[in-house]
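Architecture at a glance
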Amino acid sequence: MDEDELLRRYGTRPDDADLDEIRRLLDTQRALGPDADTLTMKLLCVQLFNAGHVEDVLRIWQAKESGFDAHCSIDVQLLCGTGLDATRRHLAAVPGEVAQQALTYLEECVRSGDFDEFDVEDRAAWYDQYYRV
């Protein structure tokens, strides 16, 4: 499924009933490694960002880190669909190296200004404009 089909089916703000399918599609793309469609992955991450479930933070992080192109395409802000502070708390509470790596990277991005004036709804509206929905 490409970006156009994903947008037709789910838009940028999917219903909760569609989230398991979106997660499955993202996991499938991530497993392709360098052969993944990073534009599709980015849209899937936008959809999860807009759903705002903290349990998707590590899934989005793993998609971002699945390859060079994915890292560049998937914005770090997409980790924070529940807000920056909630994402920080979640990552700090999750045991393991993956969560720690995500938190470390997130904090580096905060220090570098990537989250200056960050607002979840403003970012969601930006993606709506980007995808012309």
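Scroll up a little and you will see the structure.
These remarks concern the structure in this document. Nothing here was measured: the structure is a model prediction, and the numbers come from that model.

1. Considerations on the overall build of the protein chain
Along its length, the protein chain carries 8 helices and 0 strands. Across the protein chain, helices and strands are ordered from the amino to the carboxyl terminus as α-α-α-α-α-α-α-α. Radius of gyration (C-alpha) of the protein chain: 14 Å, near the 14 Å computed for a compact globule of 133 residues. The C-alpha extent of the protein chain, read off along each of the three principal axes, is 35 × 30 × 25 Å. Within the protein chain, the proportion of its 133 residues that are buried is 44%.

2. Observations concerning the packing of aromatic side chains
The full count for this structure, using the stated rule, is 6 aromatic pairs. Aromatic side chains Y130 and Y131 sit 4.8 Å apart centroid to centroid with 90° between the ring planes, which places their arrangement in the edge-to-face category. Judged by its relative accessible area of 42%, Y130 is partly exposed. One aromatic cluster is present, built from ring pairs that chain together F49, W126, Y127, Y130 and Y131. For K42, the ring lying beneath its charged end belongs to Y130, and the centroid distance is 4.9 Å. Against the face of W126 rests R123, its NZ or CZ located 5.1 Å from the ring centre.

3. Quick word on the packing of helix α6 (residues 84-93) against helix α7 (residues 97-111)
The interhelical angle for the contact between α6 and α7, taken along N-to-C directions, is 145°, at an axis separation of 9 Å. Helix-helix and strand crossings are classified by hand; for α6 and α7 the assignment is left-handed. Of the residues in α7, those touching α6 at L84, T87, R88, L91 and A92 are A99, A102, L103, L106, E107 and V110.

4. Details of helix α1 (residues 3-10)
Along α1, the residues classified as buried are L6, L7 and Y10. Around the axis of α1, the buried residues are gathered within 100° of arc, so they sit on the same side. At the N-terminal boundary of α1, the capping side chain belongs to D2, with an oxygen 3.3 Å from the backbone nitrogen of D4. Phi for G11, located one or two positions after α1, is positive at around 65°.

5. With respect to helix α2 (residues 19-31)
For α2, spanning 13 residues, the distance from its first C-alpha to its last is 18 Å, which sits close to the expected 18 Å at 1.5 Å a residue. Along α2, the residues that are buried comprise L19, I22, R23, L25, L26 and Q29. Along the axis of α2, the buried positions cluster into a sector of 160°, meaning they face one direction only. Facing away from the buried surface of α2 by more than 90 degrees, the exposed residues are D20 and A31. Buried-residue contacts for α2 involve α1, α3 (38-51) and α4 (57-64).

Basis of the calculations
- Residues numbered from 1 in each chain as written.
- Predicted model: local features only at pLDDT ≥ 70, side-chain atom pairs only at ≥ 80, totals over all residues.
- Heavy atoms only, no water.
- Helix = DSSP H or I, 4+ residues; strand = E, 2+ residues; numbered from the N terminus.
- Rg over C-alpha atoms; globule rule 2.2 N^0.38 Å.
- Buried < 20%, exposed > 50% of the residue type's maximum accessible area, 1.4 Å probe, protein only.
- Phe/Tyr/Trp six-rings, centres within 6.5 Å; stacked < 30°, edge-to-face > 60°.
- Lys NZ or Arg CZ within 6 Å of the ring centre and 35° of its normal.
- Axes fitted to C-alpha atoms, helices over the stretch in contact; angles between N-to-C directions.
- Left-handed = near helix turned anticlockwise from the far one by under 90°.
- Contact = heavy atoms within 4.5 Å.
- Arc of directions from axis to C-beta.
- Polar contact = N/O pair within 3.5 Å; in protein donor to acceptor, adjacent residues only side chain to side chain.
- Expected span 1.5 Å × (residues − 1).

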